[in-house]
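Observations on the three-dimensional arrangement
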Amino acid sequence: MKILIMLFLIPFAVNALELEQFLTDTLKTHPAVEQSRFELDAQEQSLSGVSTLEDPMIGWMKEGEMKSWTLSQNLKFPYKYKVAKDIQRSKILSGRVGLEKVLWNYRSKVLSALFRYDFALQNINFIEAQRVILKEALKLMASRRADGVVKQQEELRSYLELTKLETDLLVQNQNVDEARSELEALVGDSNLGQIPQKLERPNVKLDLIKEFQDYSGLDLRLSLANLNQVEQERSMARWEYIPDFKLTTKQPLESSQGVKSYGVEMTFPLWIWGKQWASSSAASSRLYAQRKNVELLKREQKSKIQSLSSKIENMQKLLVLYETSLLPQAKSNLDSALSSYKVGGVRFLELVEAQKILYSERMNYLDNTLKFVDAVLEVEQVLGKKVSSFPKGVL
């Protein structure tokens, strides 16, 4: 019996390389990640096109008896091609940060789901161990019934506690099914058979969190990339005041019918108030709005990192307290109660109370471990930086 209890208090660690490979395989093939990759590829492929001239136009013309062909080419003011390319480069940068954000987001989801699934399985094993203890106690109770040592109230209570464990077992089986369904949605059928189990809570470098506190996290970096894009778009809107050009040449089909002619046309900003001025004003407003967004995200990131850092530090201390004091004491208390019950030193209700204490403390420990893991993953997701012993995966 002692061995059974010890089994569920010893921390097991999955092979780090196994978890790293699982994360890599999952993230590489996840539809959301692949979607972001293709969208980024589309932006990169569009870079050369934004600074390329429009296709020329070729035509045929008849004026009386004279027949000729024409060739024309629209040209923007040269600097506009440079600005258009800068805008596209900003979109590419936003796409790269966006892809990185998707990767960190799904890394967090996968690791969190792995812990929930693993802990649900551990809970089932733990409850099974508690059932074994109760059944052993029931056997002793049956042997003592003939001697009149066992009260009817205790016997009824034993069956009640056994029924409670059966109920908890049903709940935990449901938790396993839900966690497995969540993992299936995240990792796909092909990786479902390779799910790592017996995970260990991560070691966290609190000094790194404080060091990265003023670092531009993923949301802030994405906002800064968008800010650069909006700045370039405002620059383009202002250059719309500068005219564009059209070059035209006309040549008769027969040399006797006329001579070659050439022409240059340019746009004239006649509707400046309704078009160029409105476009420039709108671009300026978008720029001011994006600057405020950057300022807001800086404040929010600093506040969130400080809050999560404090939470991680306190929860780390709490988990150490569970591992070094509360759980060993609860286990020792149950061992003592079980030994005493076997020789008639304590009554069944005292054994049940000792068992419930261990059960409650262990469930609290796992619940707090999940909260700790989620807080660590959230910090890494916000920063886009690794501050724990969790593997990085394909990032």
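Values in this document were obtained by computation on a predicted structure and should not be read as measured data.

**Quick word on the overall build of the protein**
A count of helical and extended segments in the protein gives eleven helices and four strands. Counting the 395 residues in the protein, one finds 41% classified as buried. Considering only intrachain contacts with a sequence separation of at least 6, the fraction spanning at least 24 residues in the protein is 82%. Counting every atom, the protein has about 22000 Å² of accessible surface; 54% of that belongs to carbon and sulfur.

**Concerning the packing of aromatic side chains**
Inspection of the entire model under this criterion finds six aromatic pairs. Ring centres of Phe-115 and Phe-390 lie 5.7 Å apart, and the angle between their planes is 75°; this geometry places the pair in the edge-to-face category. Within this pair, whereas Phe-115 is found in helix α5 (residues 78-145), its partner Phe-390 is found in the segment after α11 (348-383), the two being separated by 275 residues in sequence. Overall, the relative accessible area of 1% leaves Phe-115 in the buried class. On the basis of relative accessible area, Phe-390 is assigned to the buried category, the value being 4%. Between Tyr-322 and Tyr-365, the ring centres sit 5.9 Å apart and the planes meet at 55°, which makes this aromatic pair tilted.

**Side note on the sheet that holds strand β4 (residues 261-266)**
Each strand in a sheet pairs with another by means of backbone hydrogen bonds, the pair being arranged parallel or else antiparallel. Pairing is antiparallel in the open sheet, where four strands are placed in the order β1-β2-β3-β4. Pairing within the sheet leaves two strands with one partner each, and these edge strands are β1 (57-63) and β4. Neighbour to neighbour, the strand axes of the sheet diverge by 25° on average, direction disregarded. Alignment of strand β2 (residues 66-75) against strand β3 (residues 245-252), held across eight bridges, turns out to be antiparallel. The residue of β3 that forms the bridge with Trp-69 is Gln-251.

**Considerations on a nonpolar patch on the surface**
Together, Phe-268, Leu-270 and Trp-271 make up a nonpolar patch on the protein surface, roughly 440 Å² of accessible area in all. The residue Trp-271 is located in the loop between β4 and α10 (276-342) in this model.

**A word on the pairing of β1**
Among the seven residues that make up β1, zero are buried, leaving the element largely open to the surroundings. Relative to β2, β1 is paired through seven bridges, and the arrangement is antiparallel. What sits directly across from Ile-58, in β2, is Leu-71.

**What about the packing of helix α9 (residues 218-239) against α10?**
Running from N to C, α9 and α10 point in directions that differ by 165°, and their axes come no closer than 9 Å. Looking at the two axes, α9 sits roughly antiparallel to α10. As for how α9 packs across α10, the hand of that crossing is left-handed. Of the residues contributing to the contact of α9 with α10, the split by class is ten nonpolar, eight polar and eight charged.

**Side note on the environment of Leu-351**
Inspection of the secondary structure puts Leu-351 in helix α11. The class of Leu-351 is buried, set by a relative accessible area of 1%. Sequence separation of Leu-351 and Asn-333 is 18 residues, and the distance between their C-alpha atoms is 9.2 Å. Sequence-distant contacts of Leu-351, that is, excluding residues within four places in its chain, are made with Ala-137, Leu-334, Ala-337, Leu-338 and Tyr-341.

**Here's the deal with the packing of α10 against α11**
With their axes 8 Å apart at the nearest point, α10 and α11 run at an angle of 160° to one another. Taken together, the axis directions place α10 and α11 in an arrangement best described as roughly antiparallel. Considering the relative orientation of α10 and α11, their crossing is left-handed. For the contact of α10 with α11, the class distribution of residues is 26 nonpolar, seven polar and nine charged.

**Digging into α11**
Compared with an ideal rise of 1.5 Å per residue, which puts 36 residues at 52 Å, α11 spans 53 Å between its outermost C-alpha atoms and is within 8% of the ideal. In the segment just after α11, Gly-384 is the residue with positive phi, at about 70°.

**As for the nonpolar core**
Judged by nonpolar contacts, the single largest core of 76 residues is most densely connected at Leu-114, Ile-209, Ile-312, Phe-348 and Leu-351. Elements that contribute at least two residues to this core include exactly α2 (16-29), α3 (31-45), α5, α6 (152-187), α8 (206-211), α10 and α11. Element by element, the count of residues in this core is highest for α5, at 21 residues. Aside from chain neighbours lying at most four places away, what touches Ile-209 is Val-204, Ile-305, Ser-309, Ile-312, Val-379 and Val-387. Leu-227, Val-230, Val-294 and Leu-297 belong to the second largest nonpolar core, which has six residues in total.

**Observations concerning the pattern of salt bridges**
Taken as a whole and judged by the stated rule, the model has 15 salt bridges. Among the charged side chains, a salt-bridge network with shared partners connects Lys-82, Asp-86 and Arg-89.

Conventions and cut-offs
- Residues numbered from 1 in each chain as written.
- Predicted model: local features only at pLDDT ≥ 70, side-chain atom pairs only at ≥ 80, totals over all residues.
- Heavy atoms only, no water.
- Helix = DSSP H or I, 4+ residues; strand = E, 2+ residues; numbered from the N terminus.
- Buried < 20%, exposed > 50% of the residue type's maximum accessible area, 1.4 Å probe, protein only.
- Contact = heavy atoms within 4.5 Å.
- Areas by Shrake-Rupley, 256 points an atom, 1.4 Å probe, with all protein chains shown as cover.
- Phe/Tyr/Trp six-rings, centres within 6.5 Å; stacked < 30°, edge-to-face > 60°.
- Pairing = 2+ DSSP bridges.
- Axes fitted to C-alpha atoms, helices over the stretch in contact; angles between N-to-C directions.
- Patch = residues over 30% accessible without salt bridge, like charges linked within 9 Å, V, L, I, M, F, W, Y side chains within 5 Å.
- Salt bridge = Lys/Arg side-chain N within 4 Å of Asp/Glu carboxyl O.
- Parallel < 35°, antiparallel > 145°, perpendicular 65-115°, else oblique.
- Left-handed = near helix turned anticlockwise from the far one by under 90°.
- Nonpolar A, V, L, I, M, F, W, Y, C, P; charged D, E, K, R; others polar.
- Expected span 1.5 Å × (residues − 1).
- Core = buried A, V, L, I, M, F, W, Y, C linked by side-chain atoms within 4.5 Å.

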